[in-house]
Amino acid sequence: MAKRPSRQRSGVGRRITATLGRALWWTAAVFGLPFGLLALWWVLSADSQTFYLPPLSEILASFDDVWLRSDRLRADVLPSLLRLAAGFLLAVVVGVGLGVLIGSFRRVRAFCEPVLEFLRAVPPPVLVPVLMLFAGFGNTMKVLVVLSGCVWPILLNTVEGVRAVDEVLTETCRCYGIRGPARLWHLVVRSASPQIVTGLRQALSVGIILMVISEMFAANNGLGYTITQFQRTFAVTDMWTGILLLGLLGFLLAMLLRLFERSALRWYFGLRQSQRDDGQR
Amino acid sequence: MTRAATAAPPAATAPAPAGRSGGTGRPRGGNALLGLLGFAAFLLVLEAVPRLGLVSANYLPPTSEIAVALGELLGEPRFWTAVTDTLRGWFLGLAIAVALGVLVGFALGTVPVLREFTASTVEFLRPIPSVALIPLAVLLFGTDLRSVLLLVVYAAFWQVLVQVLYGVRDVDPVARDTAYTFGLGRWARIRHLLWPTALPYLLTGVRLAAAVALILAITAELIIGAPGLGNEINRAQSGGAVDSMYALIIVTGLLGVAVNVLARQLERAVLSWHPSVRAEGTR
């Protein structure tokens, strides 16, 4: 795996230095730029007089007060995340379920395709006013907003994945008389899972956007609401802490999904790797 | 270790060899007919649901009434101004994002050290939701076009950059060795080796970015109140003009479809030499 060919064969000491050197190089590569940028931000903003761009030191200092020492983690961040989770999970159930159905039958697919293409193309945020009419301002509306945005990428990717199931596998299943739920789970969903995960990834980023937007529109708690409130009251430093928190959440959720992807698609990455190695040989 | 993580994501990156279904010649005309039927059924259901009183017509007017409202909108200059405003924000933002994405992508992709040192930063900044920037945009630029551009460029840039980074890495080893053997210089390598390799990825990135840019442009108008279709939807909603609100939403959907179709046409035109597109044509 080592990129640099190690020429030293003599002595354990040299090998240790080489390993250490590589570890140092890796650490520098991963952490160098982020910390460099933060340091740059810190220094450049240190005596900033601009009202809208407060010094980073102040932002970080008030992060603690604004989010951790107050009740906001429980009262605002948690409800936001719960609504996101509810909408996202519902979208997974609906999207994968309908996607398997639509993808399995050619005629159903042909029937639904134009409508789906149109519905997918509607920018999800414009549905916020519509859903506000139907479901008012409460949690239901926000969960529905997240659901309505997340479902399309999952649905369409599932359809694509189900459509492209390997024909040899399909026929093997038929030969062995595998049908019903076993066929659905082991053949169809399994084969489509790489595409489904792609859909999940797209859906997550849309979902976070919609979580925030639905709260910016109409809410009395939540991350989007709190940040907008800071902005309206010109609490600029607090607003910046909110932006940082939102960024951090986006990053953590993406990481979480990637962990899931790694474990769920281990077979797939292995397959690709071996195909690639074959190709290079 | 890192290869598994950075291997091209399962779908949506490489231009997929379109349509693997069946194998036997399927009746295309029949499919189109079914699709039309599906659309007609969709419209019929939307017409029937409020008429039968399943849903109050105050929340969901029948399709025919929405169509009338849409017809009225088309005659208003105000509507067309909104469409131009939205498209201007979309196009400018997309253009800036693509230009930046290509420049930065090639710079990072061709210099291994740079690539290694920026990977973690890209991975950190990319998932940050662009709506986090809304309050900042409001304070800095108000309802100006610059607010829209800030959000659009931030969201679209990453789509392009990531695809270009994948593309630059995908160079065929034999082609690369050949280029070295023939002594191609740095620019010749970029022009004849990297650019054609990365182009399909770049166009996928442009297609994804175009859709995201439209979403963000309309979001910015909706939330911040910058002039455009999003703002019109907001006005229609708060004014209780439910039918024209639906009509405007349909217009945004049609814009979305148009953007997708355009992006695919562009892809096909620019990549007419590429095996994936050629294979599709011969079927």
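Owing to the predicted nature of the structure, the values given are computational and were not obtained by experimental measurement. (Residues numbered from 1 in each chain as written. Chains lettered and ligands numbered in written order. Predicted model: local features only at pLDDT ≥ 70, side-chain atom pairs only at ≥ 80, totals over all residues.)

**Student:** Give me the overall build of chain B: which residues, what numbers.
**Tutor:** Per the secondary structure count, chain B includes 12 helices and zero strands. Traced from its N-terminal end to its C-terminal end, chain B shows the element sequence α-α-α-α-α-α-α-α-α-α-α-α. Burial status across chain B gives 39% buried among its 283 residues. By sequence separation, contacts in chain B at least 24 residues apart represent 73% of the contacts at least 6 residues apart. (Helix = DSSP H or I, 4+ residues; strand = E, 2+ residues; numbered from the N terminus. Buried ≥ 20, exposed ≤ 12 C-beta atoms within 10 Å, placed from the backbone. Contact = placed C-beta atoms within 7 Å.)

**Student:** Would you mind going over the overall build of chain A in detail, with residue names and values included?
**Tutor:** A tally of regular secondary structure across chain A gives 11 helices and zero strands. Taken from N to C terminus, the helices and strands of chain A fall in the order α-α-α-α-α-α-α-α-α-α-α. For 281 residues, the compact-globule estimate of 2.2 N^0.38 gives 19 Å, and chain A exceeds it by more than 25% at 25 Å. (Rg over C-alpha atoms; globule rule 2.2 N^0.38 Å.)

**Student:** If you had to explain the UniProt feature "transmembrane region" (unreviewed entry) in chain B to someone new, which residues and values would you point to?
**Tutor:** All names here are of chain B. Taking the UniProt record as the reference, the feature "transmembrane region" (unreviewed entry) is found at residues 30-49, 90-112, 124-142, 148-168, 199-224 and 244-263. Here residues 90-112 runs as 96% helix and 0% strand, with 33 Å between its end C-alpha atoms. For the annotated span residues 148-168, helix accounts for 100% and strand for 0% of the residues, and the straight-line distance between the end C-alpha atoms is 30 Å. (UniProt positions renumbered as here; feature names shortened; annotations may be inferred.)

**Student:** Tell me about helix H3 (residues 72-104) of chain A, and name the residues and values.
**Tutor:** All names here are of chain A. Spanning 33 residues, H3 covers 46 Å between terminal C-alpha atoms, matching the ideal 48 Å at 1.5 Å per step. Most pronounced at leucine 78, the bend in H3 amounts to some 30°, and the proline proline 79 follows within four residues. Listing the buried residues of H3 in full gives Asp76, Ser80, Arg83, Leu84, Gly87, Phe88, Ala91, Gly95, Val96, Gly99, Ile102 and Gly103. Those residues of H3 that are buried lie in contact with helix H4 (106-121), helix H6 (139-163), helix H8 (181-217) and helix H9 (223-232). (Expected span 1.5 Å × (residues − 1). Bend = angle between axes of the 7 residues up to and from the residue.)

**Student:** Residue-level account of the nonpolar core, with values.
**Tutor:** Residue and element names in this part refer to chain B. Judged by nonpolar contacts, the single largest core of 129 residues is most densely connected at Leu151, Val152, Ala156, Ala209 and Ala213. Tallying contributions element by element places helix H9 (residues 186-224) first for this core, with 20 residues. In contact with alanine 156, not counting residues within four places along its chain, are Gly93, Leu94, Ala97, Ala209, Val212 and Ala213. (Core = buried A, V, L, I, M, F, W, Y, C linked by C-beta atoms within 7 Å.)

**Student:** I'd like a rundown of the interface of chain A and chain B, residues and numbers included.
**Tutor:** Taken together, the contacts link 57 residues of chain A with 51 residues of chain B. Where the side of chain A that touches chain B is concerned, the elements lending two or more residues are helix H1 (12-44), H4, helix H5 (127-135), H6, H8, H9, helix H10 (236-264) and helix H11 (266-280) of chain A. The residue inventory of the side of chain A that touches chain B, partitioned by class, reads 40 nonpolar, 11 polar and six charged. (Nonpolar A, V, L, I, M, F, W, Y, C, P; charged D, E, K, R; others polar.)

**Student:** Let's hear about the packing of H9(B) against helix H10 (residues 229-238) of chain B: which residues, and what values?
**Tutor:** Residue and element names in this part refer to chain B. Interaxial distance between H9 and H10 falls to 6 Å at its minimum, and their mutual angle equals 40°. On the basis of the axis angle, H9 is oblique to H10. By crossing handedness, the relation of H9 to H10 is classed as right-handed. Contacts from Ile218, Thr219, Ala220, Glu221 and Leu222 of H9 reach H10 at Leu229, Gly230, Asn231, Ile233 and Asn234. A per-class count over the contact of H9 with H10 returns five nonpolar, four polar and one charged. (Axes fitted to C-alpha atoms, helices over the stretch in contact; angles between N-to-C directions. Parallel < 35°, antiparallel > 145°, perpendicular 65-115°, else oblique. Left-handed = near helix turned anticlockwise from the far one by under 90°.)

**Student:** Outline the confidence of the model for chain B, supporting the account with residue identities and numerical values.
**Tutor:** Residue and element names in this part refer to chain B. On average, chain B scores 83 in pLDDT, and the residues at 70 or more come to 88%. Of the regions scoring below 50 in pLDDT, residues 1-25 engages in 36 contacts with residues more than four places distant in sequence or in other chains. On the interface metric, ipTM, the complex scores 0.78, and its pTM is 0.82. (pLDDT = per-residue confidence, 0-100.)

**Student:** Can you tell me about the environment of A:Pro54, naming the residues and giving the values?
**Tutor:** Residues and elements named next belong to chain A. As for its position among the elements, proline 54 is in the loop between H1 and helix H2 (56-68). Under the C-beta neighbour-count criterion, proline 54 is labelled partly exposed, with 18 such atoms within 10 Å. In sequence terms proline 54 and leucine 119 are 65 residues apart; their C-alpha atoms lie 42 Å from each other. Residues in contact with proline 54, not counting those within four places in the same chain, are Ser48, Ile59, Val236, Thr237 and Trp240.

**Student:** Would you mind going over the packing of helix H4 (residues 77-110) of chain B against helix H5 (residues 112-125) of chain B in detail, with residue names and values included?
**Tutor:** Residues and elements named next belong to chain B. Two elements in contact, H4 and H5, have axes separated by 5 Å at closest approach and are oriented at 115°. Classed by the angle they form, the pair H4 and H5 counts as roughly perpendicular. Taking contact as the criterion, the partners of Ala107, Leu108 and Gly109 in H4 are, on H5, Leu114, Arg115 and Thr118. Tallied by class, the residues present in the contact of H4 with H5 amount to three nonpolar, two polar and one charged.

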